[in-house]
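Below, each chain spelled out in residue letters.
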Amino acid sequence: MSELDVQIANRRQKRDEIAAAGVSVYPHRFEFDLEPSVVKAKYDDLSIEELEEKALRLRVPGRITAFRKQGKLVFADLHDGKDRLQLFLRKNAMSEQTWELLLQLDLGDVVGVEGQLMRTRMGELSLAGDRITILAKALRPLPEKWSGLKDVELRYRQRYLDLMSNTDSRRVFETRARIISGIRSFLDARGFLEVETPMMQAIAGGAAARPFVTHHNALGIDLYLRVAPELYLKRLLVGGIPRVYEINRNFRNEGISVQHNPEFTMLEFYWAYVDYRQLMDLTEELITGLAEDILGTTTLSWKGEELSLERPWKRYSMKQATVELGGVEPAAVESEERLLAELHARKLEVPKARTYGHLLAALFEATAEDELRGPVFLTDHPTDISPLSKQKPDDPRFTERFELYLGGMEIANAFSELNDPDVQTQRFREQMLAREAGDDEAHQVDHDYVRALEFGMPPAGGEGIGIDRLTMLFTGSPSIRDVILFPLLRPLPEGQTGDEWMVESED
RNA sequence: GGGACGUUAGCUCAGUUGGCAGAGCAGCGGACUUUUAAUCCGCGGGUCGGGGGUUCGAGGCCCUCACGUCCCA
């Protein structure tokens, strides 16, 4: 029997002993007044005398995370995931049965405690408990109380243990929730309507990405998990909803890295009658506002550096960035031939689709992208890599588009939306050709979307903002896995799940 | 896909040149009515990620597989 098996067996035995005394170890409910962190927040400023005077009796539920046993007096910590409340448990303050139950409790057990709120000699706010109700028995030992759970693989695979033992982890997900609700308030206040559009789509459009394929049995058709909600949201512009947004998951069948998870959360919004310039202003306002509200500052600390969100943010066109930040000669970004020569000279990989736009983008990525520490708007992307964007009036090789870079990461992508159905058809054709030329990220053609445009879509600006990456920046998390509760990991092979004993205990 | 690093008790980690596998916490037994990483006395706990090889002898060296982390593509 391993050490773990011994501990589990001990806990099971204690559970059975408690149950044998006629007590339910898994009761259905517990009538409670306040949770530990709320008690702490509400009463921690009261003095010993004030607490004595109030003589507050409270019923408080939580998980036991520490014992300090001292003979006929037991101190324990009751935790609710946010904060702990000390329990002050004296033998002669409770019934014999309650004292017996207390001695049978283990670290990790979920209990409800009733007693009077007081302060100890050392001044700690404590609940002097006289009644204890077991609410759930923990059959497995908790991670170490001081170091917490550090093993990153376990933290992702068993996030509940991470949340239980690392308060910082809880804080990350609270910040994430505040970002999302902050975005909702911001957009709702400006008259945007939140909607939900299909995640299973017959045509995976709206972004250059490989989709996941699934199958609908009753209809007998393959469906794609959406790579973006874009084409549906713009159908809503056609339908007469002038300000619309969606916050939800996108799925891209691509590699996993510190910045990429196959499913990720995106805000996408569309605003009729404006162009990408107003979107840049709105983006600055949204993100600095979120930082002020949530972090109380517009200076982020990111990878050991300070990142100031002070407005206005820098703007570089892709061509300009390649020249000014990438150190490329101005003449070299003006033609396909010169770009190709430059890529060869720098021994860089040449993209499969050798169009002007793809070549410029490749050179930009190789020379200048890493220099965009941010906040920087990278603007005016080539037309042939931006099939849904409107061209610049003065130079049709480029579009009215921007990407926001923050901390070296691409956070947002936006453009003045292409609303000419015939131009859109032409762009889709070019994407088909690119696909045939081997670019399997090229957009699929969506005829119904073009038909929608034929009914007239108002000019509009549209933008997507990556919620996961924004959360990384706000919480100083270097990996996207730290801001996704259950990131995708390869399943453990048979026999390495650590649960073999459960199979044995079935007989 | 390539490279570097990691995987030792439930958890956090040591383990020197290849020579008896360790500590703290947690667990078990005992003492203790104001502790808070409680303290004190005692005890138990290992598929050193899996497999193969070299060697008198492998946690440590070699090969291989798995999982993870980071970097590169």
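Here the structure is shown first, and the text comes after it.
Residues numbered from 1 in each chain as written. Chains lettered and ligands numbered in written order. Predicted model: local features only at pLDDT ≥ 70, side-chain atom pairs only at ≥ 80, totals over all residues. Heavy atoms only, no water.

A. Examining the sheet that holds strand S3 (residues 84-90) more closely. A barrel is described by the order of its strands in space; here five strands give the closed sequence S1-S2-S3-S5-S4, paired in mixed fashion. The sheet shows a mean angle of 55 degrees between the axes of neighbouring strands, taken without regard to direction. In terms of strand pairing, strand S4 (residues 110-119) meets strand S5 (residues 125-136) through 10 bridges, oriented antiparallel. Across the sheet, Val110 pairs through a bridge with Ala136, a residue of S5. (Pairing = 2+ DSSP bridges. Helix = DSSP H or I, 4+ residues; strand = E, 2+ residues; numbered from the N terminus. Axes fitted to C-alpha atoms, helices over the stretch in contact; angles between N-to-C directions.)

B. Structural view of the protein's contact with RNA strand B. Near RNA strand B, the surroundings consist of 45 residues, among which Glu3, Thr120, Lys145, Glu153 and Arg490 are the closest. Counting only atoms of RNA strand B within 4 Å of the protein, the sugar-phosphate share comes to 62%. Contact between RNA strand B and Gln7: a base nitrogen at 3.3 Å from a side-chain N or O atom of the residue. The separation between a sugar or linking oxygen of RNA strand B and a polar side-chain atom of Glu349 is 3.4 Å. Breaking the surface near RNA strand B down by element, the ones donating at least two residues are helix H1 (3-20), strand S1 (57-70), strand S2 (73-79), S3 and helix H5 (152-157). A per-class count over the surface near RNA strand B returns 17 nonpolar, 10 polar and 18 charged. (Near = heavy atom within 4 Å. Polar contact = N/O pair within 3.5 Å; in protein donor to acceptor, adjacent residues only side chain to side chain. Nonpolar A, V, L, I, M, F, W, Y, C, P; charged D, E, K, R; others polar.)

C. A look at the side chain of Arg252. Residue placement: Arg252 occurs in the loop between strand S10 (243-251) and strand S11 (263-272). Comment: no salt bridge for buried Arg252; closest opposite-charge side chain is Glu254, at 5.9 Å. Not counting residues up to four positions away in its chain, the partners in contact with Arg252 are Ala207, Ala209, Arg210, Phe212, Val227, Ala228, Pro262, Phe264 and Met266. (Buried < 20%, exposed > 50% of the residue type's maximum accessible area, 1.4 Å probe, protein only. Lys, Arg positive; Asp, Glu negative; His and termini not counted. Salt bridge = Lys/Arg side-chain N within 4 Å of Asp/Glu carboxyl O. Contact = heavy atoms within 4.5 Å.)

D. Examining the sheet that holds S10 more closely. Read from one edge to the other, the open sheet built from eight strands follows the order S6-S10-S11-S20-S19-S18-S15-S14, with strand pairing classed as mixed. Every interior strand has two partners, whereas the edge strands, strand S6 (193-194) and strand S14 (314-317), have only one. As paired strands, strand S18 (residues 401-406) and strand S19 (residues 409-416) are joined by six bridges and run antiparallel to one another. Bridge pairing links Leu406 to Met409 in S19. Strands in contact with helix H9 (residues 276-295) are S11, S14, strand S15 (376-379), S18, S19 and strand S20 (460-466); relative to S18, the strand with the most contacts, it is inclined by about 20 degrees.

E. Fine view of the pairing of S18. The buried fraction of S18 amounts to six of the six residues, a majority that puts the element mostly inside the structure. On S18, burial covers both faces: Arg401, Glu403 and Tyr405 on one face and Phe402, Leu404 and Leu406 on the other are all buried. The sheet contact formed by S15 and S18 spans four bridges and is antiparallel. Paired with Val376 across the strands is Tyr405, a residue of S18. Hairpin connection between S18 and S19: a loop of two residues separates the two successive antiparallel strands, and Gly407 in this loop has a positive phi of roughly 60 degrees.

F. Up close: the pattern of salt bridges. Counting across every chain of the model gives 40 salt bridges. Put simply, Arg84 and Asp77 hold a salt bridge, and the shortest N to O gap is 2.7 Å. The class for Arg84 is partly exposed, based on a relative accessible area of 25%. Residue Asp77 is classed as buried on the basis of its relative accessible area, which comes to 7%. Close ionic contact of Arg184 with Glu194 constitutes a salt bridge, the shortest N to O distance being 2.7 Å. Highlighted residues: Arg184 in helix H7 (residues 167-189) and Glu194 in strand S6, separated in sequence by 10 residues. Overall, Arg184 belongs to the partly exposed group, its relative accessible area being 27%. What makes Glu194 partly exposed here is its relative accessible area of 32%. A single salt-bridge network, built from bridges that share partners, covers Lys14, Asp106, Asp109 and Lys137.

G. Structural context of helix H2 (residues 36-43). Every buried residue of H2 is listed here: Pro36, Ser37, Val39, Lys40 and Tyr43. For H2, the arc enclosing every buried residue in end-on projection is 160 degrees, short of the 170-degree limit, so these residues lie on one face. For H2, the elements touching its buried residues are S1, S2, S3, S4 and S5. (Arc of directions from axis to C-beta.)

H. A look at the packing of helix H11 (residues 336-345) against helix H12 (residues 356-367). The geometry of H11 relative to H12 is characterised by a closest axis approach of 9 Å and an angle of 35 degrees between their N-to-C directions. In this structure, H11 meets H12 at a crossing whose hand is left-handed. The segment H11 lies against H12, with Glu336, Leu339, Leu340, Glu342 and Leu343 engaging Tyr356, Leu359, Leu360, Ala362 and Leu363. In the contact of H11 with H12, the residues fall into eight nonpolar, no polar and two charged. (Left-handed = near helix turned anticlockwise from the far one by under 90°.)

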